[in-house]
Amino acid sequence: MSRNDALRAARLRAGWRTVEQAAVRLTAHGQQLLDDRHFTVSARTWRRWEGQRPGWPSGETAVVLHDALGRWPEDLGFTAPPGWIRPERQQEEQLNRRTFVSVTAAALVPGPVAPQYVDPALIDYFEQQLEGHYRADMFLGPHDLIGTVSAQYQLIDKLVRSARGETRDGLLRVGAAYAALVGWLYQDAGNVEGAVFWRGITHEIAVRSREPHVIGYALVNQAQVRTDLGDGHAVIDLCEAVLKDSHLLGPKVRLMAMQQQAHGASLTGDRNTVDRLIDQAENLLAHVDDGLPWGNACRRTPAYLEVQRATCYGRLRLGREAQPLWEQILAVTPGTARRDRGVYLARHATAAADCGDPEQALDIARAAVEIAAETGSARTRRELKALEQAMRPWQDSSVSQDLHAVLASVREGN
């Protein structure tokens, strides 16, 4: 698509049939938004914008375009000048600088601390609490849990400094699980920096535990972040590092590494390896019988490995293979797993679009948007953004306009 077509398509979606009408409507919109009766966009200016060299609008005009059309100028075919940062991103960067200290604070408490007796029963206490946090995550999503789980990790870190022997070893193992959960919550909330930091803390405390299966679990957690970053080769490297010493690992950690490596293979376009790894992981599932409190999504999540297969097929744009899998998965996904259901619905909608059925994609997306708004899951919003890309072949149709309206409520959260 050339740049002039992008702006023209957005104008038509807004119902502005002519350049002259668009100029009048944007002028009125800008005067009201900015409370400035002198704000004006002429038909000549708009006509230039739809040309091959549209230039770049002023800062306040960029804001008006975004408010009127739901997109920033660089998404409308304009070429952003060096140093351009969207106003919303400027606010996010300022917020990120202020919140980074709070993201890291629970893991960076200076020591030493006053010594105290640490009862071994505390290990069971934290393990039981951990299972409750996993269940709450399914219901609530990330934002309501980050503070609670971070505070408990901080307490575990304090106790580790006083504990001795097997009690200390047990607290290190459970501490790694808590750090991994905090990292996951930041990842699900879309805070990549926070996720990377806490995955690093998970790896550190896992190494300190000297337990091969805990170290392998930590490496798989790091591979998850790399999957979200689209770095397939890094995912494969990390998972191969885990599986290199597979004789030291229980079935659960091997299964986790195999399914995550399948995601890496999907990012590199290797469908055969995806199927091979998921099939191998399937053979291990019945043997996962340890009593460890972490990494139990493979047992807790219905159709867990088929979720991984369908997700990999989606990345490979194998819509016809992915669509029936998502139908089977959603049929057994409980309504209480709201966040997961939202992610699955968004991926199912993309598969429908890849199969050439935009109307079905729109219908499925409506339910996903509702859940995304409820849970605040950045993963669901990211999947809905992928749906927008898949729907591009129908961008000038009414179904695309309807989808744009449906996604408006979650687009501002990106």
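Refer to the preceding data block for the structure.
Residues numbered from 1 in each chain as written. Predicted model: local features only at pLDDT ≥ 70, side-chain atom pairs only at ≥ 80, totals over all residues. Heavy atoms only, no water.

Asker: What is the right way to read the packing of helix α12 (residues 251-267) against helix α15 (residues 304-315) from this model?
Answerer: Two numbers describe a pair of packed helices, the interaxial angle and the distance between the axes. Two numbers describe how α12 lies on α15: the axes approach to 8 Å, and their chain directions differ by 15 degrees. When the axes of α12 and α15 are compared, the pair comes out roughly parallel. In the crossing of α12 with α15, the sense of the turn from one axis to the other is right-handed. Along its contact with α12, which presents Leu255, Gln259, Ala262, His263, Ser266 and Leu267, the element α15 presents Tyr304, Leu305, Gln308, Thr311, Cys312 and Arg315. Here the residues of the contact of α12 with α15 sort into six nonpolar, five polar and one charged. (Axes fitted to C-alpha atoms, helices over the stretch in contact; angles between N-to-C directions. Helix = DSSP H or I, 4+ residues; strand = E, 2+ residues; numbered from the N terminus. Parallel < 35°, antiparallel > 145°, perpendicular 65-115°, else oblique. Left-handed = near helix turned anticlockwise from the far one by under 90°. Contact = heavy atoms within 4.5 Å. Nonpolar A, V, L, I, M, F, W, Y, C, P; charged D, E, K, R; others polar.)

Asker: It is not clear to me how helix α10 (residues 212-228) should be interpreted in this structure. Could you clarify?
Answerer: At 3.6 residues per turn, the α-helix brings residues three or four places apart onto the same side. For α10, built from 17 residues, the straight-helix expectation of 24 Å at 1.5 Å per residue is met to within 8% by its first-to-last C-alpha distance of 25 Å. For α10, the buried fraction is high: 12 of the 17 residues fall into the buried class. Those residues of α10 not exposed but buried are His213, Val214, Gly216, Tyr217, Ala218, Leu219, Val220, Asn221, Gln222, Ala223, Val225 and Thr227. The inward-facing, buried residues of α10 contact α6 (121-140), α8 (165-188), α9 (192-209), α11 (232-244), α12 and α15. After α10 finishes, the residue Gly230 shows a positive phi value of roughly 80 degrees. (Expected span 1.5 Å × (residues − 1). Buried < 20%, exposed > 50% of the residue type's maximum accessible area, 1.4 Å probe, protein only.)

Asker: Would you mind going over helix α17 (residues 338-354) with me for this structure?
Answerer: Along its 17 residues, α17 runs 24 Å from first to last C-alpha, staying within 8% of the 24 Å computed at 1.5 Å per residue. Remark: Gly356 follows α17 within two positions and exhibits a positive phi of approximately 85 degrees.

Asker: I'm lost on the packing of aromatic side chains in this one. Help?
Answerer: Summed over the entire model, instances satisfying the criterion amount to 10 aromatic pairs. Here Tyr153 and Trp198 contribute two aromatic rings whose centre-to-centre distance is 5.3 Å and whose plane-to-plane angle is 90 degrees, an arrangement assigned as edge-to-face. Of this pair, Tyr153 sits in helix α7 (residues 146-160) while Trp198 sits in helix α9; the two residues are 45 residues apart in sequence, bridging distant segments of the chain. For Trp198, a relative accessible area of 0% gives the class buried. An aromatic cluster is built from Trp16, Trp46, Trp49, Trp56 and Phe78, whose rings are joined through pairwise contacts. One residue, Lys252, lies across the ring of Trp294, its end atom 5.0 Å from the ring centre. (Phe/Tyr/Trp six-rings, centres within 6.5 Å; stacked < 30°, edge-to-face > 60°. Lys NZ or Arg CZ within 6 Å of the ring centre and 35° of its normal.)

Asker: Whenever I open this one, the packing of α8 against α10 confuses me. Can you help?
Answerer: At a minimum axis distance of 10 Å, the contact between α8 and α10 shows a crossing angle of 5 degrees. Judged on the interaxial angle alone, α10 and α8 are roughly parallel. Of the residues in α10, those in contact with Arg173, Ala176, Ala177, Ala180 and Gln187 of α8 are Val214, Tyr217, Asn221, Gln224, Val225 and Asp228. Tallied by class, the residues present in the contact of α8 with α10 amount to six nonpolar, three polar and two charged.

Asker: Even after reading the chapter, I still don't get a nonpolar patch on the surface, so can you show me in this structure?
Answerer: On the surface, a nonpolar cluster with roughly 230 Å² of combined accessible area is contributed by Val192, Val196 and Leu229. In this structure, Val196 sits in helix α9. (Patch = residues over 30% accessible without salt bridge, like charges linked within 9 Å, V, L, I, M, F, W, Y side chains within 5 Å. Areas by Shrake-Rupley, 256 points an atom, 1.4 Å probe, with all protein chains shown as cover. Salt bridge = Lys/Arg side-chain N within 4 Å of Asp/Glu carboxyl O.)

Asker: For this particular structure, what's the right way to read the pattern of salt bridges?
Answerer: A side chain with one charge may pair with a side chain of the opposite charge, provided their charged atoms come close. Scanning the model with the defined rule gives 21 salt bridges in all. The closest approach of N and O atoms between Arg11 and Glu50, which form a salt bridge, is 2.6 Å. Of the two residues, Arg11 is situated in helix α1 (residues 3-13) and Glu50 in the loop between α3 (43-49) and α4 (59-69); the sequence distance between them amounts to 39 residues. Just as Arg11 is buried, Glu50 falls in that class too. Among the ionic pairs, Asp157 bridges to Arg161, the shortest N-O distance being 2.7 Å. Judged by relative accessible area, which is 9%, Asp157 ranks as buried. Linked through salt bridges whose partners overlap, the residues forming this network are Arg271, Asp275, Asp279, Glu306, Arg309 and Glu321.

Asker: For this particular structure, what's the right way to read the side chain of Ser150?
Answerer: Note that Ser150 resides in helix α7. At 2.8 Å, the side chain of Ser150 forms a polar contact with the backbone oxygen of Ile146. Residues in contact with Ser150, not counting those within four places in the same chain, are Ala106, Val182 and Trp198. (Polar contact = N/O pair within 3.5 Å; in protein donor to acceptor, adjacent residues only side chain to side chain.)

Asker: What is the right way to look at the nonpolar core in this model?
Answerer: One recurring pattern in soluble globular proteins: nonpolar side chains tend to sit buried together. Grouped together as the largest cluster of nonpolar side chains are 98 residues, with contacts concentrated most on Leu171, Trp198, Leu384 and Leu387. If we ignore the near neighbours within four places in the chain, the residues touching Leu171 are Val118, Ile123, Phe126, Ile156, Leu159, Val160 and Ala163. Counting 15 residues, the second-largest nonpolar core is a separate cluster that includes Leu7, Trp16, Ala22 and Trp46. (Core = buried A, V, L, I, M, F, W, Y, C linked by side-chain atoms within 4.5 Å.)

Asker: Looking at this structure, how should I read unusual backbone geometry?
Answerer: Peptide bonds are mostly trans, and most non-glycine residues show a negative phi. Cis geometry is found at the peptide bond from Gly111 to Pro112, where omega equals 0 degrees. As for its position among the elements, Pro112 is in the loop between α5 (87-105) and α6. Positive phi, close to 55 degrees, is recorded for Asp35, a residue that is not glycine. Although it is not a glycine, Arg210 adopts a positive phi angle of roughly 60 degrees. Structurally, Arg210 is set in the loop between α9 and α10.

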